[in-house]
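Commentary on secondary and tertiary structure
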Amino acid sequence: MEGRAGKTESREKTETQTTRERIVGTALRLFSEKGYGAVSVRDIAGAVGIRESSLYYHFKNKQDIFDTIVACCFERAEAYFRACGLPFAQGDDVSMYQDAGPERLEELLFSTFGYFFEDPWNVRFRRLLVVNQYENERAEEIYRSLYRDYPLAFQSRLFAGLMERGEFRKTDPDTAALEFYGPVFLLLHTCDGLEEAKEPLRNHIRQFAGLYRIFREEETR
C-alpha cells in the first residue's frame, strides 16, 4: 500500500511540475505577443487548457507568473553559459577571451551571442521585455540591466584587462565597450536569427579587433 501511495504521489508531483511549466511557457508566449497588460490570468489558463482556479494552485497572481518567467530565463541562460565554459556572472574567469587568438576569439563571441539570437525562450523573453518596458517597471528594469548595463560593464572590464596586459591599445574601456556592443545590440534586435546576423557580426568583430588589438607576431603569420 505504501509503495502504491508513493507512486501516486510521485506521478501527481510530476504532473504538477508539467502543468506549471506549461503555464510558464504559455504565459511567456502570450506576454511576448500581446503585452503583459493585455493578457489576463484567464487568458493564460484558457490557452493552457485548465480552469482559472486551477492556475491559482500553481501561482499567486499574474506578477508571480512573470517573476517565474524571469527566473527561468536567467536559469536557462546560466546553464547554457556554464555548459559552454563561458563567463556568466561578474567575477567569473574571462581569461579565455584574453588568451584567444583572432579565430578563437571569433568562435567564443559567436558562442556567446548565438544563445541570444537562437534560443527560443530567450528570443521570446527579449520580445517580452521590449514590448512591455514602457508599461511595466519591472520589465524596464530587467531589460536595461540585461541588454545594456550588464553587457557594457562586462565588456568594459574585459577590455580594461586586455589593455593592462598590453593586448589592446590603451584607451577608455567604457567607450570601447560602447563601440563594440552598439552594432551587436542593433543586430540582436533587427535580425531574425544568427544566420542573418553572422556575416555583419563577423565583419564587425574583425574590424573592431583590427582597430584595438595588438596582435603578437606569431598571430599575424
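Refer to the preceding data block for the structure.
Residues numbered from 1 in each chain as written. Predicted model: local features only at pLDDT ≥ 70, side-chain atom pairs only at ≥ 80, totals over all residues. Heavy atoms only, no water.

Residues of helix H2 (residues 41-48) that are buried include every one of Val41, Ile44, Ala45 and Val48, and no others. Looking straight down H2, one finds that the buried residues subtend no more than 95° of arc, so they occupy a single side. Residues Arg42 and Gly46 are exposed on H2 and point more than 90 degrees away from its buried face. (Buried < 20%, exposed > 50% of the residue type's maximum accessible area, 1.4 Å probe, protein only. Helix = DSSP H or I, 4+ residues; strand = E, 2+ residues; numbered from the N terminus. Arc of directions from axis to C-beta.)

What follows covers the packing of helix H4 (residues 62-83) against helix H8 (residues 137-164). Remark: H4 packs on H8, axes separated minimally by 12 Å, with the N-to-C direction vectors making an angle of 10°. As the angle between them shows, H4 and H8 are arranged roughly parallel. Mapping the contact onto sequence places Gln63, Phe66, Asp67, Val70 and Phe74 in H4 and Arg138, Ala139, Ile142 and Leu146 in H8. Of the residues belonging to the contact of H4 with H8, the class tally is 6 nonpolar, 1 polar and 2 charged. (Axes fitted to C-alpha atoms, helices over the stretch in contact; angles between N-to-C directions. Parallel < 35°, antiparallel > 145°, perpendicular 65-115°, else oblique. Contact = heavy atoms within 4.5 Å. Nonpolar A, V, L, I, M, F, W, Y, C, P; charged D, E, K, R; others polar.)

Okay, the environment of Pro173 next. With respect to the secondary-structure elements, Pro173 resides in helix H9 (residues 173-190). If we ignore the near neighbours within four places in the chain, the residues touching Pro173 are Ser156, Phe159, Ala160 and Met163.

In terms of nonpolar packing, the biggest core is built from 62 residues, with Phe31, Ile44, Ile69 and Phe159 touching the most fellow members. For this core, the secondary structure elements donating two or more residues are helix H1 (2-34), H2, H4, helix H6 (102-118), helix H7 (120-132), H8, H9 and helix H10 (194-212). At 11 residues, H8 tops the list of elements feeding residues into this core. (Core = buried A, V, L, I, M, F, W, Y, C linked by side-chain atoms within 4.5 Å.)

Quick look at the layout of surface pockets now. If you add up the space inside the largest pocket, you get close to 570 Å³. Every residue lining the largest pocket is counted, 34 residues in all, and those nearest its centre are Thr112, Tyr150, Pro151, Phe154 and Gln155. Going through the elements one at a time, H4, H6, H7, H8, H9 and H10 are the ones with two or more residues in the lining of the largest pocket. Looking at which element gives the most residues to the lining of the largest pocket, the answer is H8, with 10 residues. Classifying every residue of the lining of the largest pocket by side-chain character gives 29 nonpolar, 4 polar and 1 charged. What lines the second largest pocket is simply Phe117, Val123, Arg126, Arg127, Val130, Val131, Leu188, His189, Thr190, Cys191 and Asp192. Mapped onto the lining of the second largest pocket, the elements with two or more residues apiece are H7 and H9. Examining the composition of the lining of the second largest pocket, we find that 5 residues originate from one element, H7, more than from any other. (1 Å grid on protein atoms, 1.4 Å probe; cavity = no way out; pocket = protein on both sides within 12 Å on 5 of 7 lines; lining within 4 Å. Points joined across faces, edges and corners; volume = space filled by probe spheres on them.)

Compared with an ideal rise of 1.5 Å per residue, which puts 13 residues at 18 Å, H7 spans 18 Å between its outermost C-alpha atoms and is within 8% of the ideal. Of all the positions in H7, only Asn122, Phe125, Arg126, Leu128, Leu129 and Asn132 are classed as buried. With its buried residues spanning 155° around the axis, H7 presents them on a single face. (Expected span 1.5 Å × (residues − 1).)

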